[in-house]
Amino acid sequence: MPSFDQPWQPVINWNTPAGRVLDRLVEALPTDRSWKIIVFGSSPLQLGIDPTFISGDVDVISSEELAEHCGRAQLLKGQTPIYVEPCMAAAFTASADWLVRAFEVQRKHVAFILPHPIDILVSKISRLEEKDLNAFRLVRAKTGHPSEEELVVALRRVVDIYRPSFDEESRGNPRLNTQIVWRELFNKAIDVNGNIIGPALAERRKAYGDEPYGFREALGRFGERPG
């Protein structure tokens, strides 16, 4: 069972769809240099919590040339049933300290970095498709985590997901999705402003040494209305 206040220390099951794809990736990458690859999305949950939690792709973040090597090895979308999806770093929405909790494992000349389950779950809040909600259900069922307090703390660390987006094409409603997760996991509603946004902004102002503001003023600066 993973600790949700300590770095993740899973036993990796390489005999899984994601594990086998990553091993193919290791063999495809040149050995004249070392590689560091972030594996995020649902694959770390399959590798470290439940091997039956299947996803059609393995989301990774690495250097730009990774996609070229994946293409040559027939590991990209349309080339193999379970494929590698090279992503930009912005695709993984996580707090600034997520690496402190992450697990790193060496596979020959490749180091894979797997974010902690709490960071994986939080990264899914903005979009929260059914498969993302299934990830919350899985982790909660298998580990008993996250608790309500753990999830509140994790969401405060990524409070900026609740800011109005400048991207008109961005999908999802993090405030609504947070409510959906709370009803699903804890069978109750949550005051996103009062429990997440307000306290996170107060802590940020304290850290920066800013003058204190009232709750309404803080939310106004954040582009939110109380309630």
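Not measured: the values here are computed from a predicted model.

Another point: unusual backbone geometry. His 145 connects to Pro 146 through a cis peptide bond whose omega is 0 degrees. Secondary-structure assignment places Pro 146 in the loop between helix H6 (130-143) and helix H7 (148-157). Of note, the phi angle at Lys 108 is positive, near 55 degrees, even though the residue is not glycine. Its location among the elements puts Lys 108 in the loop between strand S4 (103-107) and strand S5 (110-114). According to the relative accessible area criterion, Lys 108 is exposed, its value standing at 61%.

Turning our attention to the pairing of S4. In the sheet, S4 pairs with S5 via five bridges, with the strands oriented antiparallel. Looking at S5, one finds that Gln 106 is bridged to Ala 111.

Quick look at the sheet that holds strand S3 (residues 83-86) now. Taken together, the five strands give an open sheet; going across it, the order is S3-S2-S1-S5-S4, and neighbouring strands pair in mixed fashion. Because the sheet does not close on itself, it has two edges, and the strands there are S3 and S4. Sheet twist, expressed as the average angle between the axes of neighbouring strands with direction ignored, equals 35 degrees. Across four bridges, strand S1 (residues 35-40) lies against S5 in parallel orientation. By the bridge assignment, Lys 36 is partnered in S5 with Ala 111.

This next bit is on the pairing of strand S2 (residues 57-61). Along S2, five of the five residues are buried, which leaves the element largely enclosed by surrounding structure. Both faces of S2 are covered, namely the face carrying Asp 57, Asp 59 and Ile 61 and the face carrying Val 58 and Val 60. In terms of strand pairing, S1 meets S2 through three bridges, oriented antiparallel. Bridge pairing in S2 places Ile 38 opposite Ile 61. Sheet analysis places S2 next to S3, joined by four bridges and oriented parallel. Among the inter-strand pairings, Asp 57 is bridged to a residue of S3, identified as Tyr 83. Each parallel crossover has a hand, and for S2 linked through helix H3 (residues 66-72) to S3 it is right-handed.

Thresholds, definitions, all that
Residues numbered from 1 in each chain as written. Predicted model: local features only at pLDDT ≥ 70, side-chain atom pairs only at ≥ 80, totals over all residues. Heavy atoms only, no water. Helix = DSSP H or I, 4+ residues; strand = E, 2+ residues; numbered from the N terminus. Buried < 20%, exposed > 50% of the residue type's maximum accessible area, 1.4 Å probe, protein only. Pairing = 2+ DSSP bridges. Axes fitted to C-alpha atoms, helices over the stretch in contact; angles between N-to-C directions. Right-handed = clockwise from strand over helix to strand, strands pointing away.

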